[in-house]
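# A closer look at the structure
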Amino acid sequence: MSTRTPPAGWVSSQGHYAGAVSRFLAFVIDVLVSSGLAALGLAATALVVQVVTGHSVSWDRTNIVVAIIFVAWEFFYFGYSWAASGRTFGMAVLGVRVVRADGHGLDPWRGVVRALVFPLSFLFFGLGFLGILVQREHRALHDLIAGTAVIYAWDARAARIRFLARDAEAGPGGR
Amino acid sequence: MDPRERLLSAGKRLTDPAEALAQRIAERAVDLIVQALDINQLVQRVDLDAVLGQVDINTILRRVDVNALLAQVDVNALLAKVDVTVLLDRVEVNALLDRVNVDALLGRADVDARALIDRVDVNDLIRRVDLDSLVQDTDLGAVIAKSSGGVASEALDAARSQAVGLDQFIDRWVGRAIRRRQAGPPAPAALLDGEAES
């Protein structure tokens, strides 16, 4: 019997309100991915402009146009993801998703509203995110405004079975 | 005294001793005869079949009030005297079962299989299955491992489960720090209802 067998506690978490760590990690992944895509897009645009016009373009981070493009992109990235599927790439990786406060599927417009009010949670040193820690339903300020909640949406029971299956396959002294 | 009574009295004085003597002689004679008789030999000479042949058992039984007879029997006391273990030891169950035609028995039983299955809570049944031991102790584990293999899925499962563990750990400590008296609902109402139904 392997010592890697996971605790059964999280198996029953499916559908429960997601906690701070899962949501923070999902956000970090999203920021990295969206920033990477934005940088990639800007680099591709600069390359195309250089090829077409022959002028080299350098994107300055302090440039207001670049800042506006970046903010618009971030809004599109989060807003479209939430409106379309209730989850961003980072949320999909961590197995969490946005739902309506009552637990039903997210309406597209509510996903857009969530993306619009999302920056409000960053105000006052991110005070709006404190709700994820202390609020009974782990809802941040933007969740309360948009009427949404974040839940665990991955099949933990199946994951546990996969865990056990791998351990059984590896044998008593495996891994 | 009346002469008739005097005559009777004199007669009685004579007959009483004579009667007692006759009684003693008769008893003695019977004793001697019984001692002289070989009862076994006598019984052997009796044709019991012939005697019983003349007895009409049915007539006798018809005259017996069986209910009254049974009413006098203390069945509990009778059963208390029965050693059931010994009785069961003498029963050859396998031979008994060999003689039972199970198909015919089930055919006679009025069992509505569909109604029977409808009454079974399959979800509860599945919840009771020890999946851990099922996966670990059977080839099912190998099948699942082969069908769901992949470093990515393993890493994803590990990352998610670690994150959930940390979420629960932090939630416990925050609850203690802010002295949360009453824990909130674990999930939105619609999903809680879904849990109750499943």
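### Considering the environment of isoleucine 151 of chain A
Structurally, the position occupied by isoleucine 151 of chain A is in strand E2 (residues 148-152). Between the C-alpha atoms of isoleucine 151 of chain A and valine 98 of chain A, which are 53 residues apart in sequence, the distance is 6.5 Å. Setting aside its immediate chain neighbours within four residues, isoleucine 151 of chain A contacts Gly15, His16, Tyr17, Ala18, Gly95, Val96, Arg97 and Val99 of chain A together with Pro188 and Leu191 of chain B.

### Some details on the pattern of salt bridges
Counted under the stated rule, the structure contains seven salt bridges over all chains. Aspartate 143 of chain A serves as the salt-bridge partner of arginine 114 of chain A, at 2.7 Å between the closest nitrogen and oxygen. Of this pair, arginine 114 of chain A sits in helix H4 (residues 108-117) while aspartate 143 of chain A sits in helix H7 (residues 141-146), and the two are 29 residues apart along the sequence. Accessibility classification places arginine 114 of chain A together with aspartate 143 of chain A in one group, the buried group. Here arginine 180 of chain B makes a salt bridge to aspartate 171 of chain B, at a shortest N to O gap of 3.3 Å. Among the residues examined, arginine 180 of chain B registers a relative accessible area of 23% and is labelled partly exposed. Overall, aspartate 171 of chain B belongs to the partly exposed group, its relative accessible area being 26%.

### Observations concerning the confidence of the model for chain A
Averaged over all residues, the pLDDT of chain A equals 85, while 89% of them reach at least 70. Per-element averaging of pLDDT across chain A places helix H8 (residues 156-170) of chain A at the bottom with 71 and H7 of chain A at the top with 95.

### Quick notes on the packing of helix H2 (residues 64-85) of chain A against H4 of chain A
All names here are of chain A. For the pair H2 and H4, the least separation of the axes is 7 Å and the interaxial angle reads 150 degrees. What the angle tells us is that H2 and H4 run roughly antiparallel. Crossing handedness for the pair H2 and H4: right-handed. Residues Phe75, Phe78, Gly79, Trp82 and Ala83 of H2 lie in contact with H4, whose contacting residues are Pro108, Gly111, Val112, Arg114, Ala115 and Leu116. Tallied by class, the residues present in the contact of H2 with H4 amount to eight nonpolar, two polar and one charged.

Reading the values: rules and limits
Residues numbered from 1 in each chain as written. Chains lettered and ligands numbered in written order. Predicted model: local features only at pLDDT ≥ 70, side-chain atom pairs only at ≥ 80, totals over all residues. Heavy atoms only, no water. Helix = DSSP H or I, 4+ residues; strand = E, 2+ residues; numbered from the N terminus. Contact = heavy atoms within 4.5 Å. Salt bridge = Lys/Arg side-chain N within 4 Å of Asp/Glu carboxyl O. Buried < 20%, exposed > 50% of the residue type's maximum accessible area, 1.4 Å probe, protein only. pLDDT = per-residue confidence, 0-100. Axes fitted to C-alpha atoms, helices over the stretch in contact; angles between N-to-C directions. Parallel < 35°, antiparallel > 145°, perpendicular 65-115°, else oblique. Left-handed = near helix turned anticlockwise from the far one by under 90°. Nonpolar A, V, L, I, M, F, W, Y, C, P; charged D, E, K, R; others polar.

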